Amino acid sequence: MSLLGIDVGTTGCKVVAFNPDGKIIASAYREYPLRFPGQPGWVELDADEVWQRVKHCIQNVAAQTKSDPIEALAVSSQGEGVTPIDKAGRVLYHSIVSFDSRTVEFISWWLKRMSAYQLFAETGMTPEPFYTINKILWFKKYRPNIDRRTWKYLCYEDLVNYRLTGIPAIDYSLAARMMCFDLKHNRWSSKMLNLAGIEEDRLAFLYPPGKIVGNVLPKIAQELGLPKDTLVVTGGHDQPCGALGAGVIKPGITMDAIGTVECITPAFPNPVINRKMLANRFCCYPHVVPNQYVTVAFNFTGGSLLRWYRDQFGQKEIELARKSGKDVYEILVQQIPSQPSSLFILPHFTTTGTPYFDHHSRGAILGLTLATQKPEITRAILEGISYEIRLNIELLAQAGIPVREIRAIGGGAKSAQWLQLKADLFGRKIVTLNVSEAASLGVAMLAGCAIGEYSSVSEAVAQTVKIKQTFIPNPTNKKIYNRKFEIYRQIYPRLKELNHTIATEL
């Protein structure tokens, strides 16, 4: 038998079949394009196109698992993106994705009706424009003809569940990303919905993570090549699903997803709602693990900064990679000095993540001299991305969420040099895992728990997640980085006014 994990991301979907020990049996990936409808800051997805890509991946994997038939599946989903559908299930408008900026006006609308802390205490979300309820408010105000025809506003987990079973089911973790979930009572927030004028029956049905929704519809099962009795189970938001897939199921441990965006996701046993969390824009919402909660802290620039550097200044390494068959990033990183750099890079090459959410900050390189060489700049890029994450780790500790161990996943976790640098800079143990597709594995675990393949999430983690390599901080480098971090944390505040001037007046 096998368990299927479906991961619906912002620019592509991945479908992976695992055996009960977490070994990948088959996988498929398809991309889909973001749509830019012409207005500045507007970004959308064609939900029908996404569904077609998901179907293609399921068909591909199902065809490879005839000898290990799929018994159950679950969906890991991007957050916040929403699609209006009518009673016949037809998509009425493209999905408005997370980082679309058309909803900025609604934050002041909310803050005229409740304080930021009241909103945070109710929903676990800090008042930000990208949450789903603001996108629904946009439909109500600017596309009333669409809103009147809408039966359900669905995120991608509930949309895929609906296409598979006929039941629009969403789990608590993804529902919380909509900013209209009652964190204390695990239900839709009547306070938020009443203020927004949104009827609860226009949202998906709420389920705990890892709850059986139903069987795949016979016609859909036949089309996809799935066994006719395949069960669909609720999954969750991609970050907590990835955290589960990395074995983050108890306090003191965080997932560090090192990709285009770098994001850490620690777990803790009770909601953490306080002024420090709010001040640093840290959300708090249900984990996909029972009786656990998570937050996310992230840097939007993340690994995309290294990609930018490769494309602009790495022609030599690109050509060497082409000739040797090596990965270009491996070539770049292998050249870096072994000692901490004397440079500082502020990695704000796009909108910052936590704790600032500053659209007008800009990237900066400080400390350059005529003696500076390219490998030192490469190391400084890795350090700058990592300083930003350390800043978030320090602020989380101040808010009551300490982190002792970091579990690295994603493309950046393939680099031993970067991980040792991170261990030194963070002053914390970093481990890599046998897991390559953490979000898909996380929801596959939930599916396995739902059908009794595992007696608990803890058993699922023990059976599937194994530590591969451990990186311990080098005491000498750790001491150097502690001093350098005190300098780094001053850079953004000192450059903020100048960067805002550059961003808004030039």
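Data block above holds the structure.
Residues numbered from 1 in each chain as written. Predicted model: local features only at pLDDT ≥ 70, side-chain atom pairs only at ≥ 80, totals over all residues. Heavy atoms only, no water.

Q: Help me out: how do you make sense of the sheet that holds strand β2 (residues 12-18) in this one?
A: Strand pairing within a sheet occurs via backbone hydrogen bonds; the two strands may be parallel or antiparallel. Spatial ordering of the open sheet is given by β3-β2-β1-β5-β14-β13, a layout of 6 strands whose pairing is mixed. The two strands at the open ends of the sheet, each matched to only one other strand, are β3 (24-31) and β13 (212-215). Here the strands of the sheet are splayed against their neighbours by 20° on average, with no regard to which way each runs. Pairing of strand β5 (residues 70-77) with strand β14 (residues 231-237) involves 5 bridges; the strand directions are parallel. Residue pairing across strands places Leu73 opposite Val232, the latter belonging to β14. Across the sheet, helix α10 (residues 238-245) is in contact with β1 (2-8), β5 and β14; its angle to β14 comes to roughly 105°. Of the strands in this sheet, β1, β2, β5, β13 and β14 touch helix α17 (residues 438-450), which is tilted by about 135° from β1. (Pairing = 2+ DSSP bridges. Helix = DSSP H or I, 4+ residues; strand = E, 2+ residues; numbered from the N terminus. Axes fitted to C-alpha atoms, helices over the stretch in contact; angles between N-to-C directions. Contact = heavy atoms within 4.5 Å.)

Q: Would you mind going over helix α4 (residues 132-142) with me for this structure?
A: It helps to recall that an α-helix has 3.6 residues per turn; residues three or four apart then point in one direction. Burial of α4 is extensive: 8 of the 11 residues sit out of reach of the surface. Looking at α4, one finds that the buried residues are Thr132, Ile133, Asn134, Lys135, Ile136, Leu137, Trp138 and Phe139. (Buried < 20%, exposed > 50% of the residue type's maximum accessible area, 1.4 Å probe, protein only.)

Q: Explain the pairing of β14 to me, please; I cannot follow it from the model alone.
A: In summary, the side chains of a regular strand alternate between the two faces of the sheet. Most of β14 sits inside the fold, with 7 of its 7 residues counted as buried. In the sheet, β13 pairs with β14 via 3 bridges, with the strands oriented antiparallel. Residue pairing for β14: Asn215 is matched across the bridge by Leu231.

Q: Just to check I follow, could you spell out the packing of aromatic side chains for this structure?
A: Any aromatic ring pair is given by two values, namely how distant the centres are and how the planes are angled relative to each other. Enumeration over the complete set of coordinates arrives at 22 aromatic pairs. One aromatic cluster is present, formed by Trp42, Tyr93, Trp138, Phe139, Tyr142 and Tyr153 through successive ring pairs. Across the ring face of Trp151, the terminal group of Lys152 is positioned such that the distance to the ring centre comes to 5.3 Å. The ring of Tyr285 carries Arg177 above its face, with NZ or CZ at 5.0 Å from the centroid. (Phe/Tyr/Trp six-rings, centres within 6.5 Å; stacked < 30°, edge-to-face > 60°. Lys NZ or Arg CZ within 6 Å of the ring centre and 35° of its normal.)

Q: Can you walk me through the nonpolar core in this structure?
A: Most often, soluble globular proteins keep nonpolar side chains buried together rather than apart. Of all hydrophobic cores here, the largest spans 82 residues; its most connected members are Leu4, Ile6, Val8, Trp110 and Leu226. No other element matches helix α1 (residues 47-64), which puts 8 residues into this core. In contact with Leu4, not counting residues within four places along its chain, are Val15, Val16, Ala17, Ile58, Val61, Ile70, Ala72, Leu73, Ala74 and Ala444. In this structure, Phe282, Ile381, Leu396 and Tyr481 belong to the second largest nonpolar core, which totals 52 residues. (Core = buried A, V, L, I, M, F, W, Y, C linked by side-chain atoms within 4.5 Å.)

Q: So what exactly am I meant to see when it comes to the environment of Pro144 here?
A: Considering the arrangement of structural elements, one finds Pro144 in helix α5 (residues 144-149). The class for Pro144 is partly exposed, based on a relative accessible area of 32%. Pro144 sits 114 residues away from Ile258 along the chain, and the two C-alpha atoms are 40 Å apart.

Q: Would you explain unusual backbone geometry in this entry?
A: Negative phi characterises most residues that are not glycine, and trans characterises most peptide bonds. For the bond from Thr354 to Pro355, the omega torsion is 0°, close enough to zero to count as cis. The topology assignment puts Pro355 in the loop between β20 (344-346) and β21 (364-366). One non-glycine residue with positive phi stands out, namely Arg281, at about 65°. As for its placement among the helices and strands, Arg281 is situated in the loop between α11 (275-279) and β17 (285-286). Although it is not a glycine, Phe357 sits at a positive phi angle of roughly 50°. Within the element layout of this structure, Phe357 appears in the loop between β20 and β21. Phe357 gets classed as buried once you look at its relative accessible area, which sits at 13%.

Q: Would you take a moment to explain a nonpolar patch on the surface for this structure?
A: There is a patch of nonpolar side chains on the surface, built from Trp308, Phe313 and Phe349 and spanning about 290 Å² of accessible area. Within the element layout of this structure, Phe349 appears in the loop between β20 and β21. For Phe349, a relative accessible area of 36% translates into the label partly exposed. (Patch = residues over 30% accessible without salt bridge, like charges linked within 9 Å, V, L, I, M, F, W, Y side chains within 5 Å. Areas by Shrake-Rupley, 256 points an atom, 1.4 Å probe, with all protein chains shown as cover. Salt bridge = Lys/Arg side-chain N within 4 Å of Asp/Glu carboxyl O.)

Q: How should the environment of Val465 be read in this particular structure?
A: As for its placement among the helices and strands, Val465 is situated in the loop between α18 (457-464) and β24 (467-471). Taking the C-alpha atoms as reference points, Val465 and Leu278, 187 residues apart in sequence, are found 33 Å from one another. Setting aside residues up to four positions removed in sequence, Val465 forms contacts with Gly245, Ala246, Gly247, Arg407, Leu433, Asn434, Val435, Leu441 and Met445.

Q: I would appreciate a short explanation of the pattern of salt bridges in the present structure.
A: Scanning all chains against the criterion turns up 26 salt bridges. With a closest N to O distance of 3.5 Å, Lys422 and Asp256 form a salt bridge. A residue pair is termed long-range when its members are at least 10 positions apart, and Lys422 in helix α16 (residues 416-426) and Asp256 in strand β15 (residues 252-258) qualify at 166 residues. Given a relative accessible area of 0%, Lys422 falls into the buried group. For Lys323, the salt bridge identified is with Glu319, shortest N-O distance 3.9 Å. Of this pair, Lys323 and Glu319 both sit in helix α13 (residues 315-324), 4 residues apart, which is roughly one turn of the helix. A relative accessible area of 63% places Lys323 in the exposed class. Taking relative accessible area as the criterion, Glu319 reaches 31% and is therefore assigned partly exposed. A cluster of three or more residues bridged by salt bridges with shared partners is formed by Arg35, Glu49 and Arg53.

Remember, this is a structural readout, not a statement about activity or role.
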